[in-house]
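# Summary of structural features
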Amino acid sequence: MTELNCRLATEADLAALCQFYQDICAHQKEDQFGADWHWGIYPTEKDIKEAIDQKRAVVGIKDGKIASAGILTVGNDPLYSNFAWPTAAKDDEIAVLHLYGVHPSFRRQGLSSSLLSFIKDRAKGLGCTAIRLDSMDGNVPARRLYEKNGWRFVSQETVHYDDIGDTKVDLLELAL
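Now for a quick tour of the structure.

Parameters at a glance
Residues numbered from 1 in each chain as written. Predicted model: local features only at pLDDT ≥ 70, side-chain atom pairs only at ≥ 80, totals over all residues. Heavy atoms only, no water. Helix = DSSP H or I, 4+ residues; strand = E, 2+ residues; numbered from the N terminus. Rg over C-alpha atoms; globule rule 2.2 N^0.38 Å. Contact = heavy atoms within 4.5 Å. Lys, Arg positive; Asp, Glu negative; His and termini not counted. Charge placed at Lys NZ, Arg CZ, Asp CG, Glu CD. Buried < 20%, exposed > 50% of the residue type's maximum accessible area, 1.4 Å probe, protein only. Pairing = 2+ DSSP bridges. Core = buried A, V, L, I, M, F, W, Y, C linked by side-chain atoms within 4.5 Å.

## Section: the overall build of the protein
- Helices and strands together make up the secondary structure of the protein, namely four helices and seven strands.
- Reading the protein from its N terminus to its C terminus gives the helix and strand order β-α-α-β-β-β-α-β-α-β-β.
- A globule of 176 residues ought to have a C-alpha radius of gyration of about 16 Å, and the protein, at 15 Å, matches this closely.
- Across its three principal axes, the protein shows a C-alpha extent of roughly 40 × 35 × 30 Å.
- Across the protein, contacts joining residues at least 24 apart in sequence account for 70% of those joining residues at least 6 apart.
- Taking the average place of the 20 positive charges on the side chains of the protein and the average place of its 26 negative ones, the gap between the two points comes to 6 Å.

This is the structure in structure tokens:
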């Protein structure tokens with residue numbers, strides 16, 4: 001496993017983090033699998049700035065560049081509230097991982113496990129007992145990555161995203 005410098009993003013990272021997500025969004029047309037994000041709709045610069053300000057944005061730095069990033073929130077996501085989850089937890093014991101990605105130029109280098117480990121430690125430090133997330137239906141590489149790092153498949157459900165509408169996703173959970 002290749003190590004990254006994993007840390008919370010700071011205000012000084014805003015421009016680079018916005019560029020990171022713009023690059024992922026632009027590259028999606030070349031990806032067989034992907035998150036179907038739309039820069040300016042989801043995510044937006046406002047979303048990224050807010051996540052940084054609230055100490056929710058995490059980054060993995062390699063060679064001075066953001067190689068991977070995500071946003072870790074505490075509290076159940078309203079999209080997930082109607083689904084059965086294996087870990088019983090109060091709202092403030094649930095972490096949700098959003099916008100997790102690896103920059104196209106850093107893929108297939110074994111970097112993800114480092115940032116996911118940092119995210120697990122961060123969630124534990126925030127008093128969480130589970131981390132939940134969703135992955136687009138059919139995104140085999142993402143699901144494989146999460147399962148390799150301890151997440152377990154919960155169910156396949158349909159959620160409604162404002163930018164892409166009703167979408168079938170795989171729900172995954174990591175008990176901490």
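## Let's talk about the pairing of strand S7 (residues 165–175)
- The buried fraction of S7 is high, at eight of eleven residues.
- Note that strand S5 (residues 130–136) and S7 share seven bridges and pair antiparallel. What sits directly across from arginine 132, in S7, is glutamate 173.
- As defined by bridge partners, strand S6 (residues 152–161) adjoins S7 across nine bridges and the pair is classed as antiparallel. Pairing of valine 159 across the sheet is with threonine 167, part of S7.
- With antiparallel pairing between neighbouring strands as the criterion, S6 and S7 make up a hairpin whose turn holds three residues.

## Details of the nonpolar core
- Leu97, Tyr100, Leu116, Ile119, Ile131, Tyr146 and Trp151 are the most contacted members of the largest nonpolar core, which totals 24 residues.
- Within the residue set of this core, elements represented by two or more residues are strand S3 (65–74), strand S4 (94–102), helix H3 (112–125), S5, helix H4 (140–148) and S7.
- Dropping the residues within four chain positions of it, tyrosine 100 is found in contact with Trp37, Ser68, Ala69, Gly70, Ser112, Leu115, Leu116, Ile119, Leu145 and Tyr146.
- Counting residues in each nonpolar core, the second largest holds 19 residues, with Ala51, Ile52, Ala57 and Ala69 among its members.

## Comments concerning unusual backbone geometry
- Here tyrosine 42 and proline 43 are connected by a cis peptide whose omega angle stands at 5 degrees.
- Along the polypeptide, proline 43 turns up in the loop between helix H1 (14–27) and helix H2 (45–53).
- Unlike most non-glycine residues, aspartate 63 shows phi in positive territory, near 55 degrees.
- Secondary-structure assignment places aspartate 63 in the loop between strand S2 (57–62) and S3.
- Even without glycine at this site, arginine 108 takes up a positive phi of about 60 degrees.
- Along the polypeptide, arginine 108 turns up in the loop between S4 and H3.
- On the basis of relative accessible area, arginine 108 is assigned to the exposed category, the value being 82%.

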